[in-house]
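Breakdown of the fold
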Amino acid sequence: MRLLLLGGSWFLGRAVVDAALAAGWEVTTFRRGRTGHQGGVRLVQGDRTEPADLARLATHGPWDAIVDTMSYVPRESLAMARILETVADRYVLVSTVSVYEGWPVEPLTEHSPTLKCPPDADADYGVDADPGPSRYGFGKAGCECAVTSAFGPARVAILRPGVILGPHEYVGRLPWWLRRFERGGTVIGPGDPARRIQPVDVRDVAKFALRCALGLQGVYNVVGLDEEATMGEFLAACAEVTGSAAEVEWVPDEHLIKSGVKHWTEIPLWRPFAGTWDISASAAERAGLTTRPLAETVHDTWEWLQNAEPMAHERAAELGITPERESTILEAWRAQRP
Ligand SMILES: NC(=O)c1ccc[n+]([C@@H]2O[C@H](COP(=O)([O-])OP(=O)(O)OC[C@H]3O[C@@H](n4cnc5c(N)ncnc54)[C@H](OP(=O)(O)O)[C@@H]3O)[C@@H](O)[C@H]2O)c1
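Computed from a prediction, not measured in an experiment: that's the story for all the values here.

1. Some points on the pattern of salt bridges
- This model, assessed by the stated rule, comprises 20 salt bridges.
- Here Arg48 ties to Glu76 by a salt bridge, and the two come within 2.9 Å at their closest N and O atoms. Residue Arg48 is located in the loop between strand S3 (42-45) and helix H2 (51-58), and its partner Glu76 is located in helix H3 (residues 74-84); the two are separated by 28 residues in the primary sequence.
- Overall, Arg48 belongs to the partly exposed group, its relative accessible area being 23%.
- Residue Asp201 pairs with Arg203 through a salt bridge whose shortest N-O separation is 2.8 Å.
- Of the residues examined, Arg203 reaches a relative accessible area of 25% and is grouped as partly exposed.
- Look at the salt bridges and you will find they share partners, linking Asp201, Arg203, Asp204, Arg292, Glu296 and Asp300 into a network.

The following block contains the structure:
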């Protein structure tokens, strides 16, 4: 199997490369070459915004499938897909649940309405609202149209993952929680410990992307299938792997909202909406998606984090609540709780 990976060295792309090499596939990656190089892979160095680089990339084909982990701007995706259409059979695009109009508030299936964005839109198309929609979601919706228009729906699989966690995560969600437990003290447990959550392990998304590359077609939401995964279990796993003596004090959604805590960013993975963790992945499950227990993801990420080089990442987000603010919120909660 000859695979072209658009991207490949940060997080999900890296996991796709690992999985493809383990399966004995021949792997080419296309990227700028700024972030290291994996052995066993043919690297075509170039920038997705440069037409000449894309034309040069096409001369390295043909491929049985493309997996694209790096598309954000429809106009760029359209140019890439048009050039690559003649040298690759299938296109697997990694999109996101942010393409849904109802994200992150309403329960979602693949039939839920999506944001409308033209296939040749620029990076600034759309709006950023809180909660949702976002320019990121509009852009990804446009990338879906761009790739589908160039390859035709029968040759395209679109993955819409929810939150992806695991080793090499650069957004910093699970790393923040692990470092928070490492620090100790009293940790805010956000909302309801019994709230089910659906993060998916990066290695499970990668494995499913390869399954799509082998011939699946259509749209697939991709979330963790572990029905036992709750916010309470997640924090317990963080405490256990870090060997932390930290105590968790659960603070209801209403108090966090009243205190002005920014959901998703100040307390990663906390959102008070019923729909955030109510995403159906039944289409992917029927197509063969399997996912590991969340505790395993937490364990392996901690193992990676202990040896990881601290690295400023160009897409890292500012995440996490400050210790002072955490204490203030806890004190106010203790003063008024029943
Ligand atoms: N994290 C989540 O929770 C989540 C949830 C839903 C969906 N997603 C989606 O999952 C995907 C995550 O992908 P990832 O970032 O982990 O993929 P990745 O393929 O591991 O990393 C991105 C790659 O793009 C390359 N790159 C960056 N800018 C480039 C440019 N201008 N031209 C050419 N190459 C360029 C980088 O390499 P160089 O630095 O060498 O150029 C890097 O290898 C994204 O599509 C994201 O939207 C993520």
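2. Observations concerning the packing of aromatic side chains
- One pass over the structure, following the stated rule, counts eleven aromatic pairs.
- Note on Trp177 and Phe181: the rings are 6.3 Å apart at their centroids and 35 degrees apart in plane angle, and the pair reads as tilted. Of this pair, Trp177 and Phe181 both sit in helix H5 (residues 173-183), separated by four residues, roughly a single helical turn. The burial state of Trp177 is the same as that of Phe181; both residues are buried.
- Ring centres of Phe208 and Tyr220 lie 5.5 Å apart, and the angle between their planes is 80 degrees; this geometry places the pair in the edge-to-face category. Of the two residues, Phe208 is situated in helix H6 (residues 202-213) and Tyr220 in strand S10 (residues 218-222); the sequence distance between them amounts to twelve residues.
- Exposure remark for Phe208: the relative accessible area of 1% places this residue in the buried category.
- Looking at Tyr220, the relative accessible area reads 8%, which means it is buried.
- If you follow Lys140 out to its NZ or CZ, it ends over the ring of Tyr72, 4.6 Å from the centre.

3. As for the domain arrangement of the protein
- Here the protein is partitioned into domain 1 (2-166 + 198-222) and domain 2 (173-196 + 228-272 + 294-336).
- The interface of domain 1 with domain 2 comprises 15 residues on the first partner and 15 residues on the second.
- Where domain 1 abuts domain 2, roughly 1,300 Å² becomes buried across the two surfaces, and 61% of that area is made up of carbon and sulfur atoms.
- When the buried area of domain 1 at its contact with domain 2 is split by residue, Trp10, Val163 and Leu165 rank highest and sum to 35% of it.
- Linking domain 1 with domain 2 are one salt bridge, by the criterion used here.
- Asp300 is the partner of Arg203 in a salt bridge, and the nearest nitrogen-oxygen pair spans 2.9 Å.
- The tally of links from domain 1 across to domain 2 stands at two residue pairs in polar contact (both at pLDDT 80 or more).
- Taken together, the residues that form the side of domain 1 that touches domain 2 break down as eight nonpolar, two polar and five charged.

4. What about the UniProt feature "domain: NAD-dependent epimerase/dehydratase" (unreviewed entry) in the protein?
- Here the UniProt-annotated "domain: NAD-dependent epimerase/dehydratase" (unreviewed entry) positions come out as residues 4-212.
- Helix makes up 33% of residues 4-212 and strand 20%, whereas the separation of the span's terminal C-alpha atoms amounts to 13 Å.

5. Observations regarding the sheet that holds S10
- Reading across from one edge, S3-S2-S1-S4-S5-S6-S10 is the order of the seven strands in this open sheet, with parallel pairing throughout. In this open sheet, the two edge strands, each paired with only one partner strand, are S3 and S10. Adjacent strand axes in the sheet meet at a mean angle of 20 degrees, parallel and antiparallel pairs treated alike.
- The pairing of strand S2 (residues 26-31) with S3 spans four bridges and is parallel. Among the inter-strand pairings, Thr29 is bridged to a residue of S3, identified as Leu43.
- The sheet strands contacting H6 are strand S1 (2-6), strand S4 (63-68), strand S5 (88-94), strand S6 (156-161) and S10, and the helix crosses S6 at an angle near 165 degrees.

6. Quick look at the packing of H5 against helix H7 (residues 231-242)
- One can describe the packing of H5 onto H7 by two numbers: an axis separation of 9 Å at closest approach and a directional angle of 60 degrees. One way to sum up the angle between H5 and H7 is to call them oblique. With respect to the hand of their crossing, H5 and H7 are arranged in right-handed fashion. Across from Leu174, Trp177, Leu178, Phe181 and Glu182 in H5, the residues of H7 making contact are Phe234, Leu235, Cys238, Ala239, Val241 and Thr242.
- Residues belonging to the contact of H5 with H7 are distributed by class as follows: nine nonpolar, one polar and one charged.

7. Some remarks on the nonpolar core
- Counting residues in hydrophobic clusters, the biggest one holds 83 residues, and the most contacted among them are Trp177, Phe208 and Phe234.
- A per-element tally of this core places H6 first, with eight residues.
- Counting the residues that make up this core, at least three belong to each of domain 1 (2-166 + 198-222) and domain 2 (173-196 + 228-272 + 294-336).
- Each residue touching Phe208, except ones within four places of it in the same chain, is listed here: Leu159, Leu216, Tyr220, Val222, Ala284, Ala287, Gly288 and Leu289.
- Counting 23 residues, the second largest nonpolar core, distinct from the first, contains Leu54, Leu84, Leu93 and Ala150.

The rules behind these values
Residues numbered from 1 in each chain as written. Predicted model: local features only at pLDDT ≥ 70, side-chain atom pairs only at ≥ 80, totals over all residues. Heavy atoms only, no water. Salt bridge = Lys/Arg side-chain N within 4 Å of Asp/Glu carboxyl O. Helix = DSSP H or I, 4+ residues; strand = E, 2+ residues; numbered from the N terminus. Buried < 20%, exposed > 50% of the residue type's maximum accessible area, 1.4 Å probe, protein only. Phe/Tyr/Trp six-rings, centres within 6.5 Å; stacked < 30°, edge-to-face > 60°. Lys NZ or Arg CZ within 6 Å of the ring centre and 35° of its normal. Domains from an automatic or database assignment. Contact = heavy atoms within 4.5 Å. Buried area = accessible area lost by both parts, 1.4 Å probe. Polar contact = N/O pair within 3.5 Å; in protein donor to acceptor, adjacent residues only side chain to side chain. Nonpolar A, V, L, I, M, F, W, Y, C, P; charged D, E, K, R; others polar. UniProt positions renumbered as here; feature names shortened; annotations may be inferred. Pairing = 2+ DSSP bridges. Axes fitted to C-alpha atoms, helices over the stretch in contact; angles between N-to-C directions. Parallel < 35°, antiparallel > 145°, perpendicular 65-115°, else oblique. Left-handed = near helix turned anticlockwise from the far one by under 90°. Core = buried A, V, L, I, M, F, W, Y, C linked by side-chain atoms within 4.5 Å.

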